[in-house]
Amino acid sequence: MPHVANTSSHDRNVPAALFKQLFDTTAESMVITDRNGIILEVNQAFSELCGYSAEEARGHNMNLVGSGRHDQAFYQEMWHALRHHGRWEGNIWNKKKDGSLYPAWLFINGLVDQDGQIAYFFASIRDMSELRKRERQVAFLAYYDILTRLPNRTSLLKALAKAIIHNQESGQVLTVFCIDIDNFKLINDVFGPSQGDVLLAQAAKRLQSLLRDGDSLYRLGGDEFMYLMQETSDEAAVYLMANRLLDVMKEPFLFEEGRKVFLNISIGISNCPADGEAPQELLRNADLAMHKAKREGKNRYAVYNQSIRAMQQQRFRTESGIRAGLHKGEFLVHYQPKVHIASRKTTSMEALIRWQKNGRLVRPDLFIPIAEESNLIDNLCIFVMENACSFLGTLKTHQVAVPISINISPRQFHNLDFVDLTEGLLKQHNPDPRLLEFEITERTAMQDAKHTLRIMHNLRQLGVALSIDDFGTGYSSLAYLGKMPVQTLKIDKQFIDEMEDNDGIVSTIIAICKQMRINVVAEGVEKETQLAQLAQLGCDEAQGYLFCRPEPEDIILRYLQSHGIRSPL
Ligand code: G
Ligand code: G
Ligand code: MN
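Residues numbered from 1 in each chain as written. Chains lettered and ligands numbered in written order. Predicted model: local features only at pLDDT ≥ 70, side-chain atom pairs only at ≥ 80, totals over all residues. Heavy atoms only, no water.

Draft legend 1. Quick peek at the overall build of the protein chain. Scanning the protein chain from terminus to terminus reveals 22 helices and 21 strands. What you see for the protein chain is a C-alpha radius of gyration of 38 Å, clearly larger than the 25 Å of a compact globule of 569 residues, by over 25%. With the C-alpha coordinates aligned to their principal axes, the bounding extent of the protein chain is approximately 120 × 80 × 55 Å. Within the span of the protein chain, comprising 569 residues, buried residues form 44% of the whole. Per element, the accessible surface of the protein chain, about 30,300 Å² overall, is 52% carbon and sulfur. (Helix = DSSP H or I, 4+ residues; strand = E, 2+ residues; numbered from the N terminus. Rg over C-alpha atoms; globule rule 2.2 N^0.38 Å. Buried < 20%, exposed > 50% of the residue type's maximum accessible area, 1.4 Å probe, protein only. Areas by Shrake-Rupley, 256 points an atom, 1.4 Å probe, with all protein chains shown as cover.)

Draft legend 2. Inspection of the environment of Ser320 at higher detail. Within the fold, Ser320 resides in helix H11 (residues 306-328). Here Ser320 falls in the partly exposed class, since its relative accessible area comes to 36%.

Draft legend 3. Examining the pairing of strand S3 (residues 87-95) more closely. For S3 and strand S4 (residues 101-112), the ladder comprises nine bridges, and the chain directions are antiparallel. Opposite Asn91, over in S4, you have Trp105 as the bridge partner. Linking S3 to S4, which pair antiparallel, is a turn of five residues; within it Gly99 sits at a positive phi near 95°. (Pairing = 2+ DSSP bridges.)

Draft legend 4. Molecular detail of the site of ligand 2. The environment of ligand 2 is made up of 14 residues, and the closest members are Glu350, Asp470, Glu523, Glu526 and Tyr545. In the model, a nitrogen atom of ligand 2 is placed 3.0 Å from a nitrogen or oxygen of the Gln336 side chain. Within the contact set of ligand 2, an oxygen atom lies 2.8 Å away from a backbone nitrogen or oxygen of Tyr545. Against a free-state accessible area of 520 Å², the protein chains account for coverage of 72% of ligand 2. Here the shell around ligand 2 is composed, by residue class, of three nonpolar, four polar and seven charged. (Near = heavy atom within 4 Å. Polar contact = N/O pair within 3.5 Å; in protein donor to acceptor, adjacent residues only side chain to side chain. Nonpolar A, V, L, I, M, F, W, Y, C, P; charged D, E, K, R; others polar.)

Draft legend 5. Representation of the nonpolar core in the model. Counting 75 residues, the largest nonpolar core has Ile406, Phe438 and Met484 as the members making the most contacts within it. If we skip the residues at most four places from it in the chain, Phe438 touches Met385, Ile406, Ile408, Phe418, Thr422, Leu459, Val464, Ala465, Leu466 and Ser467. Leu217, Tyr227, Val248 and Ile265 belong to the second largest nonpolar core, which has 31 residues in total. (Core = buried A, V, L, I, M, F, W, Y, C linked by side-chain atoms within 4.5 Å. Contact = heavy atoms within 4.5 Å.)

Draft legend 6. Up close: the sheet that holds strand S1 (residues 29-34). With antiparallel pairing, five strands are arranged side by side in an open sheet as S2-S1-S5-S4-S3. Of all strands in the sheet, those with a lone pairing partner are strand S2 (39-42) and S3, marking the two edges. Averaged over all neighbouring strand pairs, the angle between strand axes comes to 25°, with direction disregarded. (Axes fitted to C-alpha atoms, helices over the stretch in contact; angles between N-to-C directions.)

Draft legend 7. How the structure looks around the coordination of the manganese ion (ligand 3). Within the first shell, the manganese ion (ligand 3) binds the protein through Glu350 (OE), Asn407 (OD1), Glu439 (OE) and Asp469 (OD), at distances of 2.1 to 2.3 Å. Between the donor residues of the manganese ion (ligand 3), the gaps in sequence give the motif E-x56-N-x31-E-x29-D. Within this pair, whereas Glu439 is found in strand S17 (residues 436-441), its partner Asp469 is found in strand S18 (residues 465-471), the two being separated by 30 residues in sequence. By relative accessible area, Glu439 is classed as buried at 1%. (Donors = N, O, S within 2.8 Å, 3.2 Å for Na, K, Ca; no water.)

Draft legend 8. Spatial organisation of the domain arrangement of the protein chain. If you check the domain split of the protein chain, you get domain 1 (9-133), domain 2 (144-304) and domain 3 (322-563). A straight line from the C-alpha centre of domain 1 to that of domain 3 covers 80 Å. (Domains from an automatic or database assignment.)

Draft legend 9. Quick peek at the packing of aromatic side chains. Summed over all chains, the structure comprises 14 aromatic pairs. A centroid spacing of 5.9 Å and a plane angle of 85° characterise the contact between Phe177 and Tyr227, whose relative ring orientation is edge-to-face. With Phe177 in strand S6 (residues 173-181) and Tyr227 in strand S8 (residues 224-232), this pair connects stretches of sequence that are 50 residues apart. For the residue pair Phe177 and Tyr227, the accessibility class agrees, reading buried in each case. The ring of Phe253 carries the charged tip of Arg206 above its face, separated from the ring centre by 3.7 Å. (Phe/Tyr/Trp six-rings, centres within 6.5 Å; stacked < 30°, edge-to-face > 60°. Lys NZ or Arg CZ within 6 Å of the ring centre and 35° of its normal.)

Draft legend 10. Representation of a nonpolar patch on the surface in the model. Taken together, the side chains of Val14, Leu18, Phe19 and Leu22 present a nonpolar region at the surface, about 400 Å² in accessible area. Among the residues examined, Val14 registers a relative accessible area of 45% and is labelled partly exposed. (Patch = residues over 30% accessible without salt bridge, like charges linked within 9 Å, V, L, I, M, F, W, Y side chains within 5 Å. Salt bridge = Lys/Arg side-chain N within 4 Å of Asp/Glu carboxyl O.)

Draft legend 11. How the structure looks around unusual backbone geometry. Residues Cys272 and Pro273 are joined by a peptide bond in cis, for which omega reads 15°. Counting through the fold element by element, Pro273 comes out in the loop between strand S11 (265-272) and helix H10 (279-295). In this structure, Gln399 is a non-glycine residue whose phi angle is positive, near 55°. In this fold, Gln399 is placed in the loop between helix H13 (376-397) and strand S16 (404-408). A positive phi angle is found at Asn430, which is not glycine, with a value near 55°. Following the sequence through the fold, Asn430 ends up in the loop between helix H15 (418-429) and S17.

Draft legend 12. Summary view of the side chain of Ser47. Its location among the elements puts Ser47 in helix H2 (residues 44-50). A residue is classified by how much of its surface remains accessible, and Ser47, at 15% relative accessible area, is buried. Not counting the four nearest positions on each side in its chain, Ser47 is found in contact with Val42, Tyr52, Ser53 and Ala54.

Structure (C-alpha cells):
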C-alpha cells in the first residue's frame, strides 16, 4: 500500500492508462458514442455480450444492438431525457449479432464539453436474461405444478374467482369437477413414488386431452385434479363430461418397461351458483361429493346435492357441539372392567367416553369420527387421559392399583405428535405408566406398518402397555403381528357372538395368542355359557355386560372392592 502522507499530489492522480485498462477489463458492457449515438468505442465485455468486435461496432449507430421491439415514442422519450437531463436508464430489449433478443438494463450518461454541450454518451448494458428467467421460474412455481405442468391451486382460485364474476354477469352456469385417482396410495406403495409420478403425468395428459374451449384443468396436489367447465349449457352436458372423464382413464396405463396398470377416478361435481358462489365453497362441495363417490364404491361420479349438504350441516353442528360440550363439561368417562376368567377378578378397565347432551347420551360412534376429522380428537383424547389419570389417583387413595386402557382412534394414533402428547400428559399428571394401556384397533395397527411399529416402540419406551382392539375384523398379517410390541389382544364381539355355532375363529385367535405369549381378552361377553366356552378354549380374560357395564367411577370402585382385583404390580 502506498503511504498517503508521503505521496505528492501528482502521485495521487490515477494514470489515464489505468482508466483504459479498467474499461477494457470490467465485466460490465460499456459503449462510448458521440452526441448522435455513433459508436466510438466498446469494451471487451460488450463484444462478449453483443457479439460485435470493437472494429465491427465502431462507426455504427447504437441501434446496431437495438431489437426493433420498442416504438418510436420509446426512443423519443429516451432522447428527450438525454438531451435535457443528460441521462437515461431503464429496461430495454436488445439484439445480439446472431439475431437473438435479450432483456437488458441500459444506463446512459451524457458527458459535456467545455461549453456545457453534450459531446459524448457513455452507456452500460446489463444482461437481465438470467434474472428474468429466474423470475419466470419463480412465477411458474407459484402458479404451476412442475410434474404435470398444469396450473395449480393458486391459479385455480384466481381463475374461479374471475369466472364466477363473469358468469354472474352473463347468467351462465359454471361446473367444477373434483377428480381424485382411486387407491393411488397403493400404486405409490407398490411401484414406488417415482413410478407414481410417471402415472400422474400420464393421467394429467389424458384429462388434458378432453379440454374444450374455455375449460381448464388444474392439479391441486397429490392425485387430485380439478376440471373447470366455464359455460355449462345444461345438466346433460355435466353428465356427458363426467362420463368422458371416467372413460378417458379406461385404457391401461403403461410403464416404460411395458407393464400395464389400470387407474380409476372418482369425481365430485358442484355447480355455480346452485352449490356455492365463492371459490372455496364450490371446491369444498365438489370435494364432499367426490368423497361420496368414493364411499359409494369409487370409479364413479357424484353430484353435490341436498343430502350431502344436510350431512355436512349435521357434521358442522356436531363439531361445534363437541367444542361447546367440552367447555360445558358435557363429556364424561365411564369404565368397564376386564375380568380374569378363572378367578373373576378385575385385571384392568377400559375407559369409554360418554357425551351427555340435553339429558341424553350421544353414542361415541356418532361423534368420534367427526372429532377425528377436525383436531377435536386431540381434545377428547386429552380429556379421557386426564380423567384416567385422575381416577388412578382416586384408586390409589383406596389402595387399589388397576390399569386403565384408553381407546386411541386411527387419526390420533397416526398423528405425528401423538408420542409427544402422551409424554407431556405423563409428565403433567405423573401416573404410574405401567397402569396405562392404549387400545389400538387392528385396522389402525395395519395401516402403515413401519410407522406403526415406530410409534408402538416409542410408546413402550414411555412405559405404556399396548393392546390390539377389535381383533379379527382387520386382516392382520401374522408375521407382522409377531413384530408388534403388544401385550394384549381383544377378540371382537362379533366372533364371541358367533361362537356357539362356530368357535373356529375364536379358538384360532386364542391359539395364536398363546403361541405369541400375548394376553387374550374376549369382548362383549353377555352370557355364562359364552364364558364357560371361553374358559374351555383357554381364553385368559373377558369383558362384557355379564360382569359389568361401562359405569361411572363410584360404581366401578364399589365393583372392584366387592369383586377383587388381580393387579399386575
Ligand atoms: O361404549 P361404546 O359405545 O362406548 O364405544 C363405541 C366405540 O367408541 C368403541 O369402538 C370405542 O372403542 C370407541 N370409544 C369409546 N371411548 C373412546 C375414546 O375415548 N376415544 C376413542 N378414540 N374412541 C372411543
Ligand atoms: O371397539 P371397542 O372394543 O372399544 O368397543 C367397546 C364397546 O363395546 C363399547 O361401546 C362398550 O359399551 C361395548 N360393550 C362392552 N361390553 C358389551 C357387551 O357385553 N355387549 C354389548 N352389546 N356391548 C358391549
Ligand atoms: Mn376398545
